[in-house]
Amino acid sequence: MNIVSVEAIPLRAELSAPFRFAHITRTVSSNVVVRLTTDEGLVGWGEACPVPQLTAETQRSIVEIVDERVAPVLLGADPLHRSEWAGRILSTSHAIDFTMAAVDTALLDIAAKSAGVPLSRHLGGYATDTVEVHGSVGWDADPATVARTAATAAERFRWLKLYAGRGSLEGDLRGIEAAREEVGEAHPFLLDVNGLWSVTDVARAADRLRRAGVRLVEQPVAPTDLPGNARATRILTDGNGIDVVADESVRRPQDVVRVAHAEAASVVNVGLSKLGGVSAALRTADVARAHGLGVLVGGVVELGIANAAGLHLAACVGATSGPAYLMGPLKYARQITAPVIAPVDSTLEVPRGPGLGVEIDEEALTALDARRH
Ligand SMILES: [Mg+2]
């Protein structure tokens, strides 16, 4: 089996409502869909969802890299040897994680389809068919707005993810406390600070976070400051029973070793987009577990292709320290895959069809194609 065509389709995908976190306000997402076709008629799909805070990749650069550096490696190649091709692509290009996530996903989709099994089974995952996901409560300066958003999310999700670090410490804590008051005690909170607090902020916030039912704090201090994250981890875990998740500080499997040696987290977020695909995410999860760290499956609010890959990843990772960030498609105004994810009791089913197990809506792809705008 050989790959006969490599395409990169840039999308202009609008979100249903502006989504605020860190210093970002997202209204439109510049995702790129990668389509690989083989001489046996199998089609593999992948999705890149570039986030400027993580790499310098843009929609335009992803399309260009796929056309100029990925296609020459993959055209005529056997898609089942993906490690070989990933190595060759990475030997000419550095820090192209979102591009690689799309390429890895498309190659895996073909491999699992050619075996006639869902991706999680192809990778030898656990016999789980559901994944718990959390709701997401975008940041807002007004605590009442945070509380209202949390109440809506709490109708569908048990765990809620909130954001801090963008406003004043006091303002952000009031938002978290207002959300707690609004939703009651039955909804554990995960708080993503995106590295925007100082160690002193963490020390000031810790007691109120514990009392507000925050169970996990993601990237409390700047990702490059491992000693700072280590001090924050001691404050939050030892004193308050709150786990600390390394997110932006883990971009490669070897980053886990540095985080573990510095004791700069108790859990590692293994999002497939930031790590360059499911293959790299699984290696990262293995390294985390080998160092006694917990694992969380993250995301960057992707559409249905990357999200399906995330569900298969979560099925392969098995028990985690908290729910997965895999409800991204629900934030988009239009879907590119069917069926649309529909959480029941905060859980999603891992797709059961061959490969990624989702149908691509080609009409939607055409409608969202950025080249038409
Ligand atoms: Mg995060």
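Note that the coordinates shown come from a computational prediction; the quantities given were computed from them, not determined experimentally.

This part is about the sheet that holds strand β5 (residues 43–48). Overall, antiparallel pairing links the three strands, which are arranged β1-β4-β5 in an open sheet. Each end of this open sheet is capped by a strand with a single partner; those strands are β1 (3–10) and β5. Neighbouring strand axes in the sheet, compared pairwise and without regard to direction, differ in orientation by 15 degrees on average. Of the pairings in the sheet, the one linking β1 to strand β4 (residues 32–38) comprises seven bridges and is antiparallel in character. Looking at β4, one finds that Pro10 is bridged to Val32. Of the strands in this sheet, β1, β4 and β5 are in contact with helix α1 (residues 59–74), which crosses β1 at around 175 degrees.

Attention now goes to the coordination of the magnesium ion. Within the protein, the atoms that donate to the magnesium ion are Asp192 (OD), Glu218 (OE) and Asp247 (OD), at distances of 2.0 to 2.2 Å. Going along the chain, you hit the donors of the magnesium ion in the pattern D-x25-E-x28-D. Of this pair, Asp192 sits in strand β9 (residues 189–192) while Asp247 sits in the loop between β11 (243–246) and α9 (253–262); the two residues are 55 residues apart in sequence, bridging distant segments of the chain. Asp247 gets classed as buried once you look at its relative accessible area, which sits at 13%.

Bringing the sheet that holds strand β10 (residues 214–218) into the picture now. A sheet is described by the order of its strands in space; here seven strands give the open sequence β7-β8-β9-β10-β11-β12-β13, paired in parallel fashion. The open sheet is flanked by β7 (135–137) and β13 (294–296), the only strands paired with a single partner. Each strand axis lies, on average, 25 degrees off the axis of its neighbour in the sheet, ignoring direction. Bridge analysis of β10 against β11 gives three bridges, and the strand direction is parallel. Across the sheet, the residue bridging to Leu216 is Asp243, located in β11.

If a probe as big as a water molecule is rolled over the atoms, it shows which places are left empty. Applying the stated criterion across every chain yields a total of three cavities of 30 Å³ or more. By volume, the largest cavity amounts to about 70 Å³. Every element with two or more residues in the lining of the largest cavity is listed here: β8 (160–163) and α6 (169–183).

Right, let's get into the domain arrangement of the protein chain. Assigned domains within the protein chain: domain 1 (3–116 + 361–372) and domain 2 (122–359). Put simply, the middle of domain 1 and the middle of domain 2, counted by C-alpha atoms, are 23 Å apart. Contacts between the two partners involve 44 residues from domain 1, matched on the other side by 43 residues from domain 2. A buried area of about 3,400 Å², summed over both sides, lies between domain 1 and domain 2, and 61% of it is on carbon and sulfur atoms. For the interface between domain 1 and domain 2, the tally reads three salt bridges. With a closest N to O distance of 4.0 Å, Arg20 and Asp140 form a salt bridge. Between the two partners, domain 1 and domain 2, sit 22 residue pairs in polar contact (both at pLDDT 80 or more). Elements represented by at least two residues in the side of domain 1 that touches domain 2 include exactly β2 (13–21), β3 (24–29), β5, α3 (97–115) and α13 (362–368). Looking at which element gives the most residues to the side of domain 1 that touches domain 2, the answer is α3, with twelve residues. For the side of domain 1 that touches domain 2, a count of residues per class yields 24 nonpolar, nine polar and eleven charged.

Turning our attention to the packing of aromatic side chains. For the structure shown, the criterion picks out three aromatic pairs. Ring centres of Phe19 and Tyr163 lie 5.7 Å apart, and the angle between their planes is 80 degrees; on these two criteria the pair is classed as edge-to-face. With Phe19 in strand β2 and Tyr163 in strand β8, this pair connects stretches of sequence that are 144 residues apart. One exposure class covers both Phe19 and Tyr163, and it is buried. Aromatic pair Phe21 and Tyr163: ring centres 5.8 Å apart, planes at 50 degrees, arrangement tilted. One end of the pair, Phe21, is in strand β2; the other, Tyr163, is in strand β8, with 142 residues separating them in the sequence. Using a relative accessible area of 12% as the deciding quantity, one classes Phe21 as buried. By relative accessible area, Tyr163 is classed as buried at 6%. Three or more aromatic residues link up through ring pairs in this structure, and these residues are Phe19, Phe21 and Tyr163. Here the guanidinium or amino end of Lys161 rests over the ring plane of Tyr325, the centre of that ring lying 4.1 Å away. We note Arg180 situated over the ring of Phe189; from NZ or CZ to the ring centre the distance is 3.9 Å.

Cut-offs applied
- Residues numbered from 1 in each chain as written.
- Predicted model: local features only at pLDDT ≥ 70, side-chain atom pairs only at ≥ 80, totals over all residues.
- Heavy atoms only, no water.
- Pairing = 2+ DSSP bridges.
- Helix = DSSP H or I, 4+ residues; strand = E, 2+ residues; numbered from the N terminus.
- Axes fitted to C-alpha atoms, helices over the stretch in contact; angles between N-to-C directions.
- Contact = heavy atoms within 4.5 Å.
- Donors = N, O, S within 2.8 Å, 3.2 Å for Na, K, Ca; no water.
- Buried < 20%, exposed > 50% of the residue type's maximum accessible area, 1.4 Å probe, protein only.
- 1 Å grid on protein atoms, 1.4 Å probe; cavity = no way out; pocket = protein on both sides within 12 Å on 5 of 7 lines; lining within 4 Å.
- Points joined across faces, edges and corners; volume = space filled by probe spheres on them.
- Domains from an automatic or database assignment.
- Buried area = accessible area lost by both parts, 1.4 Å probe.
- Salt bridge = Lys/Arg side-chain N within 4 Å of Asp/Glu carboxyl O.
- Polar contact = N/O pair within 3.5 Å; in protein donor to acceptor, adjacent residues only side chain to side chain.
- Nonpolar A, V, L, I, M, F, W, Y, C, P; charged D, E, K, R; others polar.
- Phe/Tyr/Trp six-rings, centres within 6.5 Å; stacked < 30°, edge-to-face > 60°.
- Lys NZ or Arg CZ within 6 Å of the ring centre and 35° of its normal.

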